[in-house]
Amino acid sequence: MIEKPREMSTFILRSGVLILSFGIASEIVYQIYKRVNTKNKGKRRKFPKTEVLFFPDETVACKSYFTDDYGCRNSNCRFTHEENSLSKLFTYLMSARTSIDICIFVITCSDLAELLIQSHKKGVVVRVVTDNEQVDVPGSQIWKLRKAGIPVRIDNSSFFMHHKFAIIDQEHLMNGSFNWTQKAITGNQENILITNNEDIVLPFISEFQKLWLKFDPNQN
Ligand SMILES: [Zn+2]
């Protein structure tokens, strides 16, 4: 009879400790989530009205850090977590909600190809026009894009499809000298002009549509 109150108080004490531990654990998990979430939200840059990106970057931006929901988990990451031209290009491509239309002479950068595939998997309509002589160059990402289900059309002439532009959501244009290659990122002098000016964006939308139809394999 004397033992019962003691058992009861031990039970209450244990329950209290358990509830407190659970509360502390939940708070820790929530704080970590909030920190990671805020950090990544900060990286999601809004499209500027106009901006110019210049290359080469001194170091290659970490794709995971700038585009993955949980950032970079590699403690020995050899890529930069500092914002640069490539990191901005990553985030602008990732901001696409409905469509990405690209005319690109050559694409060998696997990070940029993977971003297109990620967008395609999220339901963004991705279309690519490229040059027939660049499809099979070493490192070409064209077959990887096609394998992922992204439609790619190639020019069928002896001349180059030499454009290097991307239209995001039919609203923003990124256009310049920049091919999507490693050499262009860290070696070449390159530029990308970004704008949402309709006077410039609309003719590029028409140009893409013209080439998309012109290089339709069913029409040739
Ligand atoms: Zn990293």
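Being a predicted model, the structure only gives us computed values, none of them experimental. (Residues numbered from 1 in each chain as written. Predicted model: local features only at pLDDT ≥ 70, side-chain atom pairs only at ≥ 80, totals over all residues. Heavy atoms only, no water.)

Quick word on the UniProt feature "zinc finger region: C3H1-type" (unreviewed entry) in the chain
Our working rule: UniProt positions are given in the numbering used here, feature names are shortened, and annotations may be inferred rather than shown by experiment. Counting from the N terminus, the helices are DSSP H or I runs at least four residues long and the strands are E runs at least two residues long.
Under the UniProt annotation, "zinc finger region: C3H1-type" (unreviewed entry) lies at residues 56-84. Taken end to end, residues 56-84 is 17% helix and 0% strand, and its first and last C-alpha atoms sit 10 Å apart.

Digging into the domain arrangement of the chain
Note the threshold: Segmentation of the chain into domains, including their bounds, is taken from an automatic or database domain assignment.
Looking at the chain, the domain boundaries give domain 1 (1-43) and domain 2 (46-219). Averaged C-alpha coordinates put domain 1 and domain 2 at centres separated by 47 Å.

Concerning the UniProt feature "domain: PLD phosphodiesterase" (unreviewed entry) in the chain
In this numbering, the UniProt entry assigns the feature "domain: PLD phosphodiesterase" (unreviewed entry) to residues 157-184. Along residues 157-184 the backbone is 11% helical and 36% strand, and the end-to-end C-alpha distance reaches 25 Å.

Side note on the environment of L173
Here L173 lies in strand 6 (residues 172-176). Taking the C-alpha atoms as reference points, L173 and L202, 29 residues apart in sequence, are found 9.2 Å from one another.

Thoughts on the coordination of the zinc ion
Our working definition: Any N, O or S atom lying within 2.8 Å of the metal counts as a donor, with the limit raised to 3.2 Å for Na, K and Ca; because water is left out of the atom set, some sites can appear incomplete. Under this scheme a four-donor centre is tetrahedral when all angles range from 85 to 135 degrees, a four-donor centre is square planar and a six-donor centre octahedral when opposite donors are above 155 degrees with the rest from 65 to 115, and any other centre is irregular.
Only C62 (SG), C72 (SG), C77 (SG) and H81 (NE2) from the protein coordinate the zinc ion, and they sit 2.1 to 2.3 Å from it. Note that the zinc ion binds four donor atoms; their angles at the metal cover 107 to 114 degrees, and the shape is tetrahedral. Look at where the donors of the zinc ion fall in the sequence and you get C-x9-C-x4-C-x3-H. Here the residue C62 occupies a position in the loop between strand 1 (50-55) and helix 2 (63-67), and C77 occupies one in the loop between helix 2 and helix 3 (85-94), the gap between them amounting to 15 residues.

Here's the deal with the packing of aromatic side chains
For clarity, the threshold we go by: Side-chain rings of Phe, Tyr and Trp, where Trp is taken by its six-membered ring, are said to pair if the distance between their centres is within 6.5 Å; with planes under 30 degrees apart they count as stacked, over 60 as edge-to-face, and otherwise as tilted. The buried label goes to any residue with under 20% of its type's maximum accessible area, the exposed label to any with over 50%, and the partly exposed label to all in between, with areas taken from a 1.4 Å probe on protein chains only. Geometrically, a charge over a ring is one whose NZ (Lys) or CZ (Arg) sits within 6 Å of the ring centre while staying within 35 degrees of the ring normal.
For the coordinates displayed, the defined rule picks out six aromatic pairs. The interplanar angle of 25 degrees and the centroid separation of 4.2 Å between the aromatic rings of F55 and F178 together place this pair among those described as stacked. Taken together, the positions of F55 in strand 1 and F178 in the loop between strand 6 and helix 6 (182-186) put the pair 123 residues apart, joining distant regions of the chain. Residue class for F55 comes out buried when judged on its relative accessible area of 3%. Ring geometry for F208 against W212: centres 5.7 Å apart, planes inclined by 15 degrees, an arrangement best described as stacked. Placement of both F208 and W212 in helix 7 (residues 198-214) is noted, with a separation of four residues, approximately one turn of the helix. Accessibility assignment for this pair places F208 and W212 in one class, buried. One cation-aromatic arrangement involves R127 over W212; the distance from NZ or CZ to the ring centre is 5.2 Å. Note that R146 overlies the ring of W143, its terminal NZ or CZ placed 5.0 Å from the centroid.

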